[in-house]
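What follows is the residue order along each chain.
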Amino acid sequence: MNEVIVGHISEFTDRRGRVFRLGELELALFKLSDGEVKAVENNCPHKNGKLSEGMVCDHHVYCPLHDWKIDLNDGLVQAPDEGCIQTYPVFVDDKGNVVLQLAMQSKVS
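For clarity, every value in this text was computed on a predicted model and none was experimentally measured. (Residues numbered from 1 in each chain as written. Predicted model: local features only at pLDDT ≥ 70, side-chain atom pairs only at ≥ 80, totals over all residues. Heavy atoms only, no water.)

### Topic: the pairing of strand β2 (residues 17-22)
For β2 and strand β3 (residues 25-31), the ladder comprises six bridges, and the chain directions are antiparallel. Note that in β3 the partner of Arg18 across the bridge is Leu29. In this antiparallel pair of consecutive strands, β2 and β3, the connection spans two residues, and Gly23 shows a positive phi of 60°. (Pairing = 2+ DSSP bridges. Helix = DSSP H or I, 4+ residues; strand = E, 2+ residues; numbered from the N terminus.)

### Considering the nonpolar core
Val6, Phe20, Leu29, Val90, Val98 and Leu100 are the most contacted members of the largest nonpolar core, which has 15 residues in total. Among the secondary structure elements, those contributing two or more residues to this core are β1 (2-8), β2, β3, β4 (37-41) and β10 (97-102). Once residues lying within four places of it in the same chain are set aside, the contact partners of Val90 are Leu29, Val37, Lys38, Ala39, Val98, Val99 and Leu100. Formed by 14 residues, the second largest nonpolar core is a distinct cluster that contains Leu51, Trp68, Ile70 and Leu72. (Core = buried A, V, L, I, M, F, W, Y, C linked by side-chain atoms within 4.5 Å. Buried < 20%, exposed > 50% of the residue type's maximum accessible area, 1.4 Å probe, protein only. Contact = heavy atoms within 4.5 Å.)

### What to know about the sheet that holds strand β9 (residues 90-92)
With respect to topology, three strands assemble into an open sheet ordered β1-β10-β9, the strand pairing being antiparallel. Only two strands of the sheet have a single partner each, and these edge strands are β1 and β9. Across the sheet, the mean angle from the axis of one strand to that of its neighbour is 25°, orientation sign disregarded. Judged from the three bridges that link them, β9 and β10 form a sheet pairing that is antiparallel. (Axes fitted to C-alpha atoms, helices over the stretch in contact; angles between N-to-C directions.)

Listed below in structure tokens is the structure:
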């Protein structure tokens, strides 16, 4: 598992998306109202809406195109819609760095 610093927690705005690119993969990172940071792929499974532009409420993001509700903890689309997106482990270290954990084959661009 590789660890990549994607920024400092002070650079993240509460409940707003931030884009981070890893090779061909584009991620959306969100700082929740409790300070926790979540990372998910930046495409809704419905019509590829950019989730980084979506509205965040509690631990869910709403796709800006068709309002699909996606759980940021496990990536599951909430009923009545169906689907799932990839989530990525992320944590804030003791210096306030937001650290993304990636599988070994991922390349940072």
